[in-house]
Amino acid sequence: MTDQAYMQLALSLAEATRGQTSPNPSVAAIVVKNGSILGTGVHVKAGGPHAEVHALRQAGEEARGATIYVTLEPCAHTGKTPPCVEAIINAGIQEVVVATTDPNPLVAGKGIAYLERHGISVTVGVEEERAKQLNASFFYSIQNQLPFVTLKAGMTLDGKIATSTGESKWITSQAAREDAHTLRHQNDAILVGKHTILHDNPSLTTRRPRGGHNPIRIVLDSELTIPITSKIVQDKEAPTWIYTTRRAPKERQAKLQEAGIEVIMCDDDTISVSAVLQDLAERQIQSVLVEGGAEVLASFLQAEAFQQLVLYIAPTIFGGSAKPIFGSANIASILDAYALTFDQIEQLGPDIKITATPRRK
Ligand code: AOF
Ligand code: ZN
């Protein structure tokens with residue numbers, strides 16, 4: 001097998017752990033000597049051993065003279081665990097193949113430099129794009145001190161998320177909805193507007209055949225109008241945070257807090273997207289899935305505050321006065337249109353999934 005093939009294997013392992021390691025990245029490592037795999041490891045959860053440690057433990061004495069493939073630059077710092085570069089040197093590894101450097105300023109290049117200083121041959125950049133993509137929110141949030149935002153919607157072929165009478169269950173197929181639950185699993189937080197709570201009373205939890213991680217539930221509700229009886233207030237399935245303003249009645253705030261909800265007061269009279277994102281970054285949220293409704297999606301679009309758009313498109317048409325995905329966002333001139341690039345197009349049962357990213361101006 002080639003370096004590429006071993007790295008692809010490691011990346012597949014790491015990809016399978018997306019959603020379980022936050023705030024740490026997903027990482028995998030494979031120890032190879034004379035064409036045999038001697039150890040494999042993944043970072044299972046924050047606070048636990050790093051991928052390299054698991055792989056080296058499995059290889060044991062055999063690791064002497066071997067090559068280790070790692071999807072992220074081995075760390076050189078003492079965090080919750082000791083530095084991986086020490087473990088690699090102590091194990092007698094001869095060669096390290098890395099997919100991408102670690103953007104964490106505690107590591108960033110220092111891991112590679114340390115290994116090289118200790119006479120280990122290091123190759124960097126094997127399958128680099130895939131490795132960066134795997135931890136896109138970890139990279140983005142460290143580099144920008146803001147969470148990575150994904151806008152998500154299920155809609156008709158003509159871009160509608162509800163009929164003219166407000167019906168929205170279900171526009172897309174079971175296959176598309178299951179995929180959307182994987183998005184929830186992979187995000188630290190899920191964000192919706194108050195209309196979504198009032199209209200649908202969703203639980204906003206992750207429901208997949210083999211379970212999943214529930215994101216923190218975030219609601220934008222400037223006057224605290226959502227009912228205390230809402231599922232997200234009552235069910236205790238995941239933390240719920242509500243952003244509001246001073247226009248909200250004090251007794252509503254007290255009632256929600258009594259129910260265990262974190263009520264976050266914005267400085268302004270209205271809730272601004274950028275203030276919410278800044279506050280979420282301070283609360284260590286690296287990734288947010290914005291699930292609607294149309295007004296919330298429009299405000300993130302208008303603020304150009306998203307890094308990814310995921311659309312599930314059903315082969316149906318609602319026409320005319322049905323509700324469009326981006327609510328009140330109106331563009332007069334084609335030159336002013338929000339421009340994106342299609343990254344991926346997949347068929348999910350009868351529907352298609354489009355993953356797009358905003359085009360840089
Ligand atoms: C690695 N291998 O498997 C992971 C790494 O608090 P700690 O000790 O767990 O350190 C967390 C940081 O280590 C994290 O922010 C990232 O820079 C790096 N993650 N490094 O060598 C791994 N998960
Ligand atoms: Zn490490």
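Residues numbered from 1 in each chain as written. Chains lettered and ligands numbered in written order. Predicted model: local features only at pLDDT ≥ 70, side-chain atom pairs only at ≥ 80, totals over all residues.

## So, the sheet that holds strand S3 (residues 67-70)
The strands that make up a sheet are held in pairs by hydrogen bonds between backbone atoms, and each pair lies either parallel or antiparallel.
Now for step 1: The sheet built from 5 strands is open, its strands ordered S2-S1-S3-S4-S5 with mixed pairing. Of all strands in the sheet, those with a lone pairing partner are strand S2 (36-42) and strand S5 (121-124), marking the two edges. Across the sheet, the mean angle from the axis of one strand to that of its neighbour is 15°, orientation sign disregarded.
Now for step 2: Taken together, the 4 bridges between strand S4 (residues 95-98) and S5 define a ladder with parallel strand orientation. Opposite Val 96, over in S5, you have Val 122 as the bridge partner.
Now for step 3: Where helix H1 (residues 3-15) meets the sheet, its contacts fall on strand S1 (28-33), S2, S3 and S4, and the angle it forms with S1 comes to roughly 145°.
Now for step 4: Each of S4 and S5 touches helix H4 (residues 110-117); the most contacted strand, S5, lies at about 150° to it. (Pairing = 2+ DSSP bridges. Helix = DSSP H or I, 4+ residues; strand = E, 2+ residues; numbered from the N terminus. Axes fitted to C-alpha atoms, helices over the stretch in contact; angles between N-to-C directions. Contact = placed C-beta atoms within 7 Å.)

## Observations concerning the UniProt feature "domain: CMP/dCMP-type deaminase" (unreviewed entry) in the protein
Now for step 1: Following the UniProt record, the feature "domain: CMP/dCMP-type deaminase" (unreviewed entry) maps to residues 1-123 here.
Now for step 2: Across residues 1-123, the secondary structure splits into 30% helix and 20% strand, with the terminal C-alpha atoms separated by 16 Å. (UniProt positions renumbered as here; feature names shortened; annotations may be inferred.)

## A closer look at the pairing of strand S16 (residues 351-358)
Here is the key point about a regular strand: its side chains alternate between the two faces of the sheet.
Now for step 1: Taken together, the 5 bridges between strand S13 (residues 308-314) and S16 define a ladder with antiparallel strand orientation. Across the sheet, residue Val 310 finds its bridge partner in S16, namely Thr 355.
Now for step 2: Bridging between strand S15 (residues 340-348) and S16 involves 8 bridges; their strand directions are antiparallel. Each residue of the ladder has a partner; that of Thr 341, found in S16, is Thr 357.

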